[in-house]
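Listed here are the chains, written in short residue letters.
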Amino acid sequence: MGFFDFMTEDIAIDLGTANTLIIHNDKVVIDSPSIVARDRISGKIIAVGKEANLMQGKTHENIKTIRPLKDGVIADFDASEKMISMFIKSIPALKKRLFTPALRMVVCIPSGITEVEMRAVKESCERVNGKEVYLIHEPMAAAIGIGVDIMQPKGNMIVDIGGGTTEIAVIALGGIVCDKSVKIAGDVFTNDIVYYMRTQHNLFVGESTAEKIKIEIGAAIEELDTPPDEMSVQGRDLLTGKPKQVDVSYREIAKALDKSIQRIEDAVMETLSQTPPELAADIYNTGIYLAGGGSMLRGLDKRISLKTDLPVYIAEDPLRAVVRGTGIALKNINKFRSILIK
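Per an unreviewed UniProt entry, the protein chain goes by Cell shape-determining protein MreB and derives from Flavobacterium lacus. Quoted verbatim from the Function (unreviewed entry) heading of the UniProt record, the comment on the protein chain is "Forms membrane-associated dynamic filaments that are essential for cell shape determination. Acts by regulating cell wall synthesis and cell elongation, and thus cell shape. A feedback loop between cell geometry and MreB localization may maintain elongated cell shape by targeting cell wall growth to regions of negative cell wall curvature." Note on the protein chain: under the UniProt heading Subunit (unreviewed entry), the record states "Forms polymers."

Structural data, given as structure tokens:
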């Protein structure tokens, strides 16, 4: 094996609906939106990641932007494979190599995923030269990334709010005891904002603008201790057809997102109600950990805390918690062998 060890590179991938992150040599080398732009005529991929993201909503008929992942699973096999391949080829350390090295990868997948969807992820990776591909469940990776010792006989609750899915899991002894995967997450929040702007302000905004609103002034409760300033939003007036600008406050966004957040709360409550009593006792002491981009919504921790009467902690750098955990699992592959899916 010695010679091949030298030929093999280890990479950890968080293949997300909104963002794809890759760790190589303990560094996050790729952190890009999961989006590709394709030329309709030649069928070639002309841009990927940040570059393609800037094109979103601004294309003419010969360019199509595609988000290859939907609800955490691969929706467009061809585009996702090209995207992964282009990301891997753009890793600085691998660019120097004469030929693509064989790769040992750990990729994380949503916990509510089917066999078929799992195989799609695996095959995508094998086709970009993945010789050994391991899969890890997202809440597990998030827990490792947060710094929870998942092998202990102690219950921990993880809520990972990503772009396509929210993963809720109770973890103990290196396994998921009960989990729930709901398809309400960042993308739905963004669409809620688009809908709200349409119905309340007669303003038609694109997805990118709505996402900007979510990041700048998004909130989960209407009373914040340190409220963000109002934001000016530009879009198209639905009545006159002219471009116009509206000022929006965080309170309005809290209203717009209320229903969706309620559904996440319900899922958390349901998972708690299925938790075995011994683990429920642990969770009473340890509280709930939030990860994923959705956990950065202002006041969400407070709101979940009020609903569950439990302490709620947000992971540091929540956007990277999952990929960090995936990277740690890859580095200590023998220790975590039991939780990886071959």
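Moving on, there is more to tell.
Student: Residues and numbers for the pairing of strand β13 (residues 175-182), please.
Tutor: For strand β12 (residues 166-172) and β13, the ladder comprises seven bridges, and the chain directions are antiparallel. Note on β13: the bridge partner recorded for Glu167 is Ser181. If you look at the hairpin formed by β12 and β13, you'll find two residues sitting between the two strands, and Leu173 has a positive phi there, around 50 degrees.

Student: If you had to explain the environment of Glu230 to someone new, which residues and values would you point to?
Tutor: With respect to the secondary-structure elements, Glu230 resides in the loop between α8 (207-217) and β15 (231-237). It is 46 Å that separates the C-alpha atoms of Glu230 and Glu123, two residues lying 107 residues apart in sequence. Non-local contacts of Glu230, meaning those with residues more than four positions away in its chain, are made with Asp247, Val248 and Ser249.

Student: Can you explain the packing of aromatic side chains? Please cite residues and give values.
Tutor: Applying the stated rule across the entire model yields one aromatic pair. Relative to Tyr313, the ring of Tyr289 has its centre 5.8 Å away and its plane inclined at 35 degrees; by these criteria the two rings are tilted. Of the two residues, Tyr289 sits in strand β17 (residues 288-291) while Tyr313 sits in strand β18 (residues 312-314), which places them 24 residues apart along the sequence. In this structure Tyr289 comes out as buried when scored by relative accessible area, which is 19%. Exposure remark for Tyr313: the relative accessible area of 39% places this residue in the partly exposed category. Directly above the aromatic system of Phe204 lies the positively charged group of Arg198, at a separation of 4.6 Å from the ring centroid. Across the ring face of Tyr134, the terminal group of Lys342 is positioned such that the distance to the ring centre comes to 4.8 Å.

Student: Break down the sheet that holds strand β5 (residues 45-48) for me, with residues and values.
Tutor: Strands pair in a sheet through their backbones, by hydrogen bonds, and they do so in one of two ways: parallel or antiparallel. Spatial ordering of the open sheet is given by β5-β4-β6, a layout of three strands whose pairing is antiparallel. Looking at strand neighbours, the two that pair on one side only are β5 and β6 (63-66), the edges of this open sheet. Averaged over neighbouring strand pairs, the angle between their axes works out to 20 degrees when direction is ignored. Strand direction decides the pairing type here: strand β4 (residues 36-39) and β6, joined by four bridges, are antiparallel. Within the sheet, the bridge partner assigned to Asp39 lies in β6 and is Ile63.

Rules behind the numbers
Residues numbered from 1 in each chain as written. Predicted model: local features only at pLDDT ≥ 70, side-chain atom pairs only at ≥ 80, totals over all residues. Heavy atoms only, no water. UniProt positions renumbered as here; feature names shortened; annotations may be inferred. Pairing = 2+ DSSP bridges. Helix = DSSP H or I, 4+ residues; strand = E, 2+ residues; numbered from the N terminus. Contact = heavy atoms within 4.5 Å. Phe/Tyr/Trp six-rings, centres within 6.5 Å; stacked < 30°, edge-to-face > 60°. Buried < 20%, exposed > 50% of the residue type's maximum accessible area, 1.4 Å probe, protein only. Lys NZ or Arg CZ within 6 Å of the ring centre and 35° of its normal. Axes fitted to C-alpha atoms, helices over the stretch in contact; angles between N-to-C directions.

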